[in-house]
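Listed below, chain by chain, are the residues.
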Amino acid sequence: IYFQEDEFLNKPLVGIVMGSDSDFSIMEGASKVLEEFNIAHEVLVTSAHRTPERTRKYVQGAKRKGIQIFIAGAGGAAHLAGVIAAESTLPVIGVPINSTPLNGLDSLLSTAQMPGGIPVATVSIGKWGAKNAGLLAVQILALSNDKLASQLVKYRKQQAKAVEQKSKKLETPHAANFKG
């Protein structure tokens, strides 16, 4: 993946795709991460099952538009990420959506169990997965952009600092209360 310095601010590099508009409440987490890193992206609802031709046309035209990574969220049979991977050589990150009585386990297995030769990176189910998909896309793009890589390091340091601050709030001497 190659792009000019600050090109990630100008044109969509990531396509966030979901099978239903009801998935946006989860997939919004990926979008928020990309916004935090100032990475332009686009969001689209298209279904592997209900609109296969729309999906195919989008994927086949995405590279010409500058898309470098797909993040695909789907529930149930969750074939969207696999269909996208079958139609493109760009990296695909699948987000299993917990939208069925199986709480996303069906989606996880459908997304993760791709046949050899058609890879889909699969993250955890639901909101955590969407956030991690956004961060994985940032990591992939940062491989060829030093400024973005620096932002990612700063983000990680901020996470560590937040954990330490939360711990300090809880740290109190408990020895006086210990009755051993």
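Worth saying up front: this structure is predicted, and the values here are computed from it rather than measured.

**Student:** Account for the overall build of the chain, naming residues and giving values.
**Tutor:** A count of helical and extended segments in the chain gives six helices and five strands. Helices and strands in the chain line up, N terminus first, as β-α-β-α-β-α-β-α-β-α-α. C-alpha extents for the chain along the principal axes are approximately 70 × 45 × 30 Å. Here the chain holds 180 residues, and the buried ones make up 42% of them. Sequence separation of at least 24 residues holds for 69% of the intrachain contacts in the chain that already meet a minimum separation of 6. Only carbon and sulfur atoms are counted for the fraction: they give 56% of the accessible area of the chain, which is about 10,200 Å².

**Student:** I'd like a description of a nonpolar patch on the surface, backed by residues and values.
**Tutor:** On the surface, Leu102, Leu105 and Leu109 cluster together into a nonpolar patch covering about 300 Å² of accessible area. As for its placement among the helices and strands, Leu105 is situated in helix α4 (residues 105-112).

**Student:** Describe the nonpolar core, naming the residues involved and giving the relevant values.
**Tutor:** Membership of the largest hydrophobic core comes to 28 residues, with the highest contact counts inside it found for Val14, Phe37 and Ile71. Of all the secondary-structure elements, those providing two or more residues to this core are β1 (14-18), α1 (24-36), β3 (69-75), β4 (92-97), α5 (126-142) and α6 (146-170). If you tally residues by element for this core, the top one is α5, at eight residues. Once residues lying within four places of it in the same chain are set aside, the contact partners of Ile71 are Val14, Gly15, Ile16, Val17, Met27, Ala30, Ile93, Val95, Ala133, Gly134 and Ala137. Of all hydrophobic cores here, the second largest spans 18 residues; its members include Val59, Ala62, Phe70 and Ala85.

**Student:** How would you explain the pattern of salt bridges if you had to name every residue and give the values?
**Tutor:** Summed over all chains, the structure comprises three salt bridges. We note a salt bridge from Glu42 to Lys65, for which the minimum N-O separation is 2.9 Å. Taken as a pair, Glu42 in strand β2 (residues 41-45) and Lys65 in helix α2 (residues 52-65) lie far apart in primary sequence, 23 residues in all. By relative accessible area, which is 18% here, Glu42 ends up buried. Between Glu87 and Arg56 there is a salt bridge, and its shortest N-O distance comes to 3.4 Å.

**Student:** Which residues make up unusual backbone geometry, and what values do they have?
**Tutor:** At Asn38, a position not held by glycine, the phi torsion is positive, near 55 degrees. Locating Asn38 in the fold gives a position in the loop between α1 and β2. Judged by its relative accessible area of 44%, Asn38 falls in the partly exposed class. Phi is positive for Asn103, close to 55 degrees, though the residue is something other than glycine. In this structure, Asn103 sits in the loop between β4 and α4. The class for Asn103 is exposed, based on a relative accessible area of 58%.

**Student:** Kindly report on the layout of surface pockets, identifying the contributing residues and their values.
**Tutor:** Over the atoms, a rolled probe matching the size of one water molecule traces out where space is still vacant. Reported here for the largest pocket is a volume of approximately 170 Å³. Along the walls of the largest pocket sit 15 residues, with Gly19, Asp23, Arg50, Ala74 and Gly75 positioned nearest its centre. By residue class, the composition of the lining of the largest pocket is five nonpolar, eight polar and two charged.

**Student:** Just give me the short version of the packing of α5 against α6, but keep the residues and values in it.
**Tutor:** Running from amino to carboxyl end, α5 crosses α6 at an angle of 140 degrees, the nearest separation of the two axes being 8 Å. When the axis of α5 is compared with that of α6, the two are oblique. You can see that α5 and α6 cross each other, and the crossing is left-handed. Across from Lys131, Leu135, Val138, Gln139, Leu141 and Ala142 in α5, the residues of α6 making contact are Leu148, Ala149, Leu152, Tyr155 and Arg156. In terms of residue class, the contact of α5 with α6 is made up of eight nonpolar, one polar and two charged.

Rules and cut-offs
- Residues numbered from 1 in each chain as written.
- Predicted model: local features only at pLDDT ≥ 70, side-chain atom pairs only at ≥ 80, totals over all residues.
- Heavy atoms only, no water.
- Helix = DSSP H or I, 4+ residues; strand = E, 2+ residues; numbered from the N terminus.
- Buried < 20%, exposed > 50% of the residue type's maximum accessible area, 1.4 Å probe, protein only.
- Contact = heavy atoms within 4.5 Å.
- Areas by Shrake-Rupley, 256 points an atom, 1.4 Å probe, with all protein chains shown as cover.
- Patch = residues over 30% accessible without salt bridge, like charges linked within 9 Å, V, L, I, M, F, W, Y side chains within 5 Å.
- Salt bridge = Lys/Arg side-chain N within 4 Å of Asp/Glu carboxyl O.
- Core = buried A, V, L, I, M, F, W, Y, C linked by side-chain atoms within 4.5 Å.
- 1 Å grid on protein atoms, 1.4 Å probe; cavity = no way out; pocket = protein on both sides within 12 Å on 5 of 7 lines; lining within 4 Å.
- Points joined across faces, edges and corners; volume = space filled by probe spheres on them.
- Nonpolar A, V, L, I, M, F, W, Y, C, P; charged D, E, K, R; others polar.
- Axes fitted to C-alpha atoms, helices over the stretch in contact; angles between N-to-C directions.
- Parallel < 35°, antiparallel > 145°, perpendicular 65-115°, else oblique.
- Left-handed = near helix turned anticlockwise from the far one by under 90°.

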